Amino acid sequence: MDNLVALAKRRGFIFQSSEIYGGFNGFFDYGPLGAELKKNIRDCWWADMVQRRDDVVGIETSIIMHPKVWEASGHVAGFSDPLVDCKVSKQRYRADQLFFSPIIVTGLEGVAQTIGYVSALESENTAGELQAAAESFKRKKAIQGTLSPVVAKDLTEAREDEIALIPSPATGEPGSLTAPRAFNMMFQTNVGAMTDGSSVAYLRPETAQGMFVDFKNVVDTGRVKLPFGIAQIGKSFRNEITPRNFIFRSREFEQMEMEYFIHEDADWSKAHEEWIAWCEAWLKSIGLPDSHLSRYAHPKEKLAFYSRGTVDIMFKYPFGVQELWGIAARGSYDLTQHAQASGKPQEIFDETTKKKFVPHVIEPAVGVDRIFLAVLCAGYAEEAVTDDKGNTEVRTVLRLSPRIAPVKVAVLPLLKNKEVLVARAQALYKKLQRRYAVFYDETAAIGRRYRRQDEIGTPWCVTIDFDTIEKPGDTFTLRDRDTMQQRRVTEAELFALLEEQVY
Ligand code: GAP
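I will try to describe carefully the structure that is included in this document. (Residues numbered from 1 in each chain as written. Predicted model: local features only at pLDDT ≥ 70, side-chain atom pairs only at ≥ 80, totals over all residues. Heavy atoms only, no water.)

1. Regarding the pattern of salt bridges
Stage number 1. Inspection of the entire model under this criterion finds 41 salt bridges.
Stage number 2. For the salt bridge of Arg94 with Asp96, the shortest nitrogen-to-oxygen distance reads 2.9 Å.
Stage number 3. The exposure class of Asp96 is partly exposed, given its relative accessible area of 25%.
Stage number 4. Salt bridges here are not isolated pairs; linked through shared partners, they connect Glu383, Glu393, Arg395, Arg399, Arg451, Asp454, Arg479, Arg481 and Asp482. (Salt bridge = Lys/Arg side-chain N within 4 Å of Asp/Glu carboxyl O. Buried < 20%, exposed > 50% of the residue type's maximum accessible area, 1.4 Å probe, protein only.)

What follows is the structure in structure tokens.
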């Protein structure tokens with residue numbers, strides 16, 4: 001992960017926001033290559049989700065909406081995470097990410113006794129960390145007896161009397177943690193010249209509500225028929241208590257969400273399963289390996305009251321298996337809420353039964369930044385390569401799918417001081433540039449130029465050499481990033497390859 005973060009900075013994928021002022025926790029900037037990669041992820045999703053489907057339309061709604069939207073949706077009352085403060089260090093934690101266990105020791109006389117508590121922040125190995133801390137505690141206090149295995153619970157499960165005994169992760173001492181309390185994650189702002197309560201508005205914490213609020217507008221103007229979807233890509237904002245793991249959980253991020261409306265009597269579980277499979281296939285189409293993907297079905301007792309079923313597509317990040325894409329069956333909850341709050345029915349007329357009804361919805365919701373991080377993690381490799389002279393070196397390579405790679409082809413004249421080579425390379429470069437993001441590089445030895453492109457994920461390099469000029473056929477050397485194999489191709493063959501692989 002550290003090497004990946006360093007590469008992201010060094011090659012201009014991701015910078016800390018406001019870096020010259022020391023950065024701003026939970027906010028990031030995308031550099032020239034990052035902006036290109038992010039745009040490609042968005043464009044692929046939009047093409048596959050909206051343009052290439054007959055049953056999905058796209059919209060773009062405002063980031064700041066009427067505050068009543070967030071009251072009706074339940075966000076004002078309930079969009080919160082449990083927050084815990086450490087009164088001494090002033091650190092804040094999410095209670096469901098802070099784990100604890102009693103340290104139980106059974107003495108020689110066979111009596112089990114709690115001798116203290118240990119705590120640890122959620123990690124790949126929370127239980128292991130708690131166990132090690134319990135062993136160290138027992139050793140330091142020189143307590144005899146057998147230590148029981150720790151039982152990790154999060155702080156939302158702690159009794160009031162336990163909270164006073166659990167050490168703060170910041171100080172290692174008990175007595176400073178507060179009981180968990182609900183912390184609303186919506187960013188507030190004021191709209192207009194007044195800054196009193198009447199002008200309070202929110203930066204949207206999800207793009208989804210835009211689709212629900214515009215449902216009738218789309219139905220009345222869009223010639224859509226059930227089942228159909230409304231999709232949108234846009235920024236969302238959450239005042240996360242603990243932004244972390246680079247861009248995985250940030251305070252400003254981008255979502256790609258789609259609300260798929262189905263008949264109230266339709267088989268929702270079938271539609272749900274079809275969308276989960278669609279999302280998995282799409283992730284593979286942009287290069288995520290099957291081996292890194294899994295599913296997590298939310299247990300029935302933990303579902304939100306309006307949800308009939310939620311399945312998350314999980315990705316194996318270096319810091320653990322984490323949610324990438326949530327696919328929820330939300331019933332008719334959102335449309336019904338907005339109908340009640342606005343007084344405007346959100347129904348559709350059924351031609352067969354001649355009855356009006358509120359459609360149900362399946363919602364695949366994913367973060368662009370999480371996909372960005374997943375493709376970097378899956379694609380990053382450091383591998384030993386041996387050249388013709390037998391020298392071995394480590395090459396860093398980003399195996400990005402040609403669909404999303406920020407640069408598709410690098411055009412390299414073999415020598416920069418041979419005008420015929422440069423002229424032919426420039427002509428090819430200009431022609432490619434009309435359709436693709438390409439890069440022209442004439443500096444340094446050809447091997448170094450290949451390595452630079454490997455590191456940023458460019459799938460192909462094209463070298464214009466003396467054979468291009470002197471031999472019939474006007475062919476170039478095409479070098480493949482992953483196999484490092486080289487072959488000769490014509491301009492037409494190069495364009496055909498790009499046409500097939502970049503879609
Ligand atoms: N409309 C439903 C909704 O917003 P969610 O599970 O809260 O559901 C959907 O968010 C997706 O948005 C997540 O699966 C994740 O990919 C992304 N996401 C959520 N919070 C995020 C954050 N703080 N930083 C980056 N991505 C986030």
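2. Focus: the site of the ligand
Stage number 1. The full set close to the ligand counts 18 residues, and Glu206, Glu240, Glu257, Glu323 and Leu324 are the nearest of them.
Stage number 2. Interatomic distance of 2.7 Å between a side-chain N/O atom of Glu206 and a nitrogen atom of the ligand.
Stage number 3. Contacts to the ligand include Leu324, whose backbone N or O atom sits 2.8 Å from an oxygen atom.
Stage number 4. Computed on the free molecule, the ligand has an accessible area of 550 Å², of which 88% lies beneath the protein chains in the complex.
Stage number 5. Where the shell around the ligand is concerned, the elements lending two or more residues are strand S14 (252-262), strand S17 (320-331) and strand S20 (360-367).
Stage number 6. The greatest single-element share of the shell around the ligand, amounting to 4 residues, is contributed by S20. (Near = heavy atom within 4 Å. Polar contact = N/O pair within 3.5 Å; in protein donor to acceptor, adjacent residues only side chain to side chain. Areas by Shrake-Rupley, 256 points an atom, 1.4 Å probe, with all protein chains shown as cover. Helix = DSSP H or I, 4+ residues; strand = E, 2+ residues; numbered from the N terminus.)

3. Some points on the sheet that holds strand S4 (residues 80-85)
Stage number 1. Reading across from one edge, S5-S4-S10 is the order of the 3 strands in this open sheet, with antiparallel pairing throughout. Each having just a single partner strand, strand S5 (92-94) and strand S10 (181-184) make up the two edges of the open sheet. Across the sheet, the mean angle separating the axes of adjacent strands is 50° when strand polarity is ignored.
Stage number 2. Bridge analysis of S4 against S10 gives 4 bridges, and the strand direction is antiparallel. (Pairing = 2+ DSSP bridges. Axes fitted to C-alpha atoms, helices over the stretch in contact; angles between N-to-C directions.)

4. Examining the sheet that holds strand S3 (residues 56-58)
Stage number 1. The strand order across the open sheet formed by 7 strands is S3-S13-S14-S20-S17-S16-S15, and the pairing between neighbours is mixed. Edge positions in the sheet fall to S3 and strand S15 (293-297), since each of these pairs with one other strand and no more. Ignoring which end each strand starts from, the neighbouring axes of this sheet average 25° apart.
Stage number 2. Inspection of the sheet shows strand S13 (residues 228-237) paired to S14 by 10 bridges, in the antiparallel sense. Following the sheet pairing, Phe228 is matched in S14 by Phe261.
Stage number 3. Along the sheet face, helix H11 (residues 368-379) touches S14, strand S16 (309-317), S17 and S20 and points at about 35° away from the line of S16. (Contact = heavy atoms within 4.5 Å.)

5. Concerning helix H12 (residues 419-433)
Stage number 1. Helix length check: H12 (15 residues) gives 21 Å between terminal C-alpha atoms against 21 Å at 1.5 Å per residue, within 8%.
Stage number 2. Among the residues of H12, Leu421, Val422, Arg424, Ala425, Leu428, Tyr429 and Leu432 are the ones counted as buried. Looking straight down H12, one finds that the buried residues subtend no more than 165° of arc, so they occupy a single side.
Stage number 3. Turning to H12, the residues buried within the fold contact strand S23 (409-413), strand S24 (438-440), strand S25 (460-464), helix H14 (466-470), strand S26 (476-480) and helix H15 (491-501). (Expected span 1.5 Å × (residues − 1). Arc of directions from axis to C-beta.)

6. Structural notes on the pairing of S23
Stage number 1. The buried fraction of S23 is high, at 5 of 5 residues.
Stage number 2. By the alternation rule, side chains of S23 split into Val409, Val411 and Pro413 and Ala410 and Leu412, which are all buried.
Stage number 3. When S23 meets S24, the two strands line up parallel, connected through 3 bridges. Residue pairing across strands places Val409 opposite Val438, the latter belonging to S24.
Stage number 4. Following the chain from S23 across H12 to the adjacent parallel S24, one finds a crossover that is right-handed.
Stage number 5. The pairing of S23 with S25 spans 5 bridges and is parallel. Bridging from a neighbouring strand, Ala410 pairs with Cys461 of S25. (Right-handed = clockwise from strand over helix to strand, strands pointing away.)

7. Let's talk about the packing of H12 against H15
Stage number 1. Between H12 and H15, the shortest axis-to-axis distance is 12 Å and the interhelical angle comes to 30°. Of the possible angle classes, the one that applies to H12 and H15 is roughly parallel. Once H12 is placed against H15, the crossing between them reads as right-handed. Residues Arg424, Leu428, Lys431 and Leu432 of H12 form the contact with H15, whose own contacting residues are Glu491, Leu494, Phe495 and Leu498.
Stage number 2. Broken down by class, the residue content of the contact of H12 with H15 amounts to 5 nonpolar, no polar and 3 charged. (Parallel < 35°, antiparallel > 145°, perpendicular 65-115°, else oblique. Left-handed = near helix turned anticlockwise from the far one by under 90°. Nonpolar A, V, L, I, M, F, W, Y, C, P; charged D, E, K, R; others polar.)

8. Focus on the side chain of Asp334
Stage number 1. Structurally, Asp334 can be placed in helix H10 (residues 333-342).
Stage number 2. Accessibility expressed as a relative area gives 2% for Asp334, which makes it buried.
Stage number 3. Residue contacts for Asp334: discarding those within four places in its chain leaves Gln209 and Phe212.

9. A short note on the packing of aromatic side chains
Stage number 1. Within the structure shown, the criterion is met by 17 aromatic pairs.
Stage number 2. The interplanar angle of 15° and the centroid separation of 5.2 Å between the aromatic rings of Phe24 and Phe27 together place this pair among those described as stacked.
Stage number 3. We classify Phe24 as exposed; its relative accessible area is 53%.
Stage number 4. A relative accessible area of 16% places Phe27 in the buried class.
Stage number 5. An angle of 10° between the planes, with centres 6.2 Å apart, marks the rings of Phe215 and Phe228 as stacked. With Phe215 in helix H8 (residues 215-221) and Phe228 in strand S13, this pair connects stretches of sequence that are 13 residues apart. Across the pair, Phe228 and Phe215 agree in class, each one buried.
Stage number 6. The positively charged end of Lys38 is found above the aromatic ring belonging to Tyr30, 4.3 Å away from the centroid. (Phe/Tyr/Trp six-rings, centres within 6.5 Å; stacked < 30°, edge-to-face > 60°. Lys NZ or Arg CZ within 6 Å of the ring centre and 35° of its normal.)

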